[in-house]
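# Examining the three-dimensional arrangement
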Amino acid sequence: MKRILKLIGVLIILVPISVIGFLYFKFPNAEPAPEISVGNNPERIQRGKYLANHVSACMDCHSIREWSKFSGPLIPKTLGEGGEVFDQKLGFPGSFVAPNITPSALGKWTDGEILRAISSGINKEGNALFPVMPHPAYGQMDKEDLISIISYLRSLEPIEKKNPNSSPDFPFNLILRTIPNPAKFGKLPDKSDKVSYGKYLFVAAACTECHTKQDKGKPVAGMELAGGFEFPLGNGTKIVSANLTPDKETGLGNWTESQFVKRFKNMELPKYKPHSIKKGEFQTIMPWTMYAGMTEEDLSAIFAYLQTVPAIKNKINN
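Residues numbered from 1 in each chain as written. Predicted model: local features only at pLDDT ≥ 70, side-chain atom pairs only at ≥ 80, totals over all residues. Heavy atoms only, no water.

By the naming in an unreviewed UniProt entry, the protein chain goes by Cytochrome C and is assigned to Leptospira haakeii.

Below, the structure is given as structure tokens:
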């Protein structure tokens, strides 16, 4: 009996060690960074600027936002310097810090390493990146669009700023290693196919990440795009994401295309002047001023796509 108990004790120790060892040696599922050169074509840089600031909104997390103003507009001189923290106070399994992505920080990265990070979630050192940067979504974008974003990042004003490293909690630090996967690049649809084009933009903007309710970090089945994702704010309050499905009572079913587009364009800078927010007043993390920079054509396409998703009744109160 003592021998059996001793054997069980040894197994209890060895099995977790073997699992941890397996996760460390098997994952992340990384492919070698591709050998590419993005160049500095002005048209490509302009396309990247549009995507990084108004569609994929990379600058949302990789800059400093002025949270004393509604929707936290970006502070222009901080563009790309990083520093935004997503930690346990906000419900994250660790402390994740947006890195500096200006040329001063990416100077030693190859273009292929940046592409792999954005599309597959693997950094220069081969470590897994937490998907607060939604690399599973970005990995579905057209490779040419991602190359344009990299071209734009290379053109940013260098900012010398060292941000803290991210630190996932145990055991999520092991789970994190299993999340990255090789990219499955898509193709930018023709604008004449409005719904497909709108779906592409919607994925590129990673809207699903915030507008689907989650349970323990996983999307709740049957609640896709019906809102309900809770965001605790630093002032002790919280907001809940909106229902984007075409449900007529609780979603966008009674909205017109014109209303949808206007809702965004009304917050376009510099025409829109974000008002000051006092403690306890309604605030949002939705980067309205960034998405407002999308063209009316692109916003119309996103609306057209949203009208095709299943309508789900889910009343949201903020």
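### Topic: the packing of aromatic side chains
Selection rule: Each Phe, Tyr or Trp ring, with Trp reduced to its six-membered ring, pairs with another whose centre is within 6.5 Å; inter-plane angles below 30 degrees give stacked pairs, above 60 give edge-to-face pairs, and intermediate values give tilted ones. We count a stretch as a helix when DSSP gives it H or I for four or more residues in a row; a strand needs E for two or more, and each element gets its number in order from the N terminus. When accessible area is computed with a 1.4 Å probe and restricted to protein chains, residues below 20% of their type maximum are described as buried, those above 50% as exposed, and intermediate ones as partly exposed.
Scanning the entire structure with this criterion turns up 11 aromatic pairs. When the ring of F96 is compared with that of F130, the centres are 4.1 Å apart and the planes differ by 15 degrees; the resulting orientation is stacked. With F96 in strand β2 (residues 94–97) and F130 in the loop between α5 (111–120) and α6 (135–138), the pair connects residues that are 34 residues apart, well separated along the chain. Note on accessibility: F96 and F130 belong to one class, buried.

### Looking at the nonpolar core
To be explicit about the condition: In plain words, nonpolar cores are sets of buried Ala, Val, Leu, Ile, Met, Phe, Trp, Tyr and Cys residues tied together by side-chain atoms within 4.5 Å.
Of all hydrophobic cores here, the largest spans 56 residues; its most connected members are M59, I149, L153, F202 and L306. Those elements that provide at least two residues to this core are α2 (42–55), α3 (58–61), α5, α7 (143–155), α9 (194–204), α10 (257–265), α11 (288–291) and α12 (296–306). Formed by 5 residues, the second largest nonpolar core is a distinct cluster that contains F96, A128, F172 and L176.

### Overview of the UniProt feature "domain: Cytochrome c" (unreviewed entry) in the protein chain
Put simply, the rule is: UniProt positions are given in the numbering used here, feature names are shortened, and annotations may be inferred rather than shown by experiment.
Cross-referencing UniProt, the feature "domain: Cytochrome c" (unreviewed entry) maps to residues 43–157 and 193–310 in the present numbering. Counting secondary structure, residues 43–157 comes out at 42% helix and 5% strand; the distance between its end C-alpha atoms is 18 Å.

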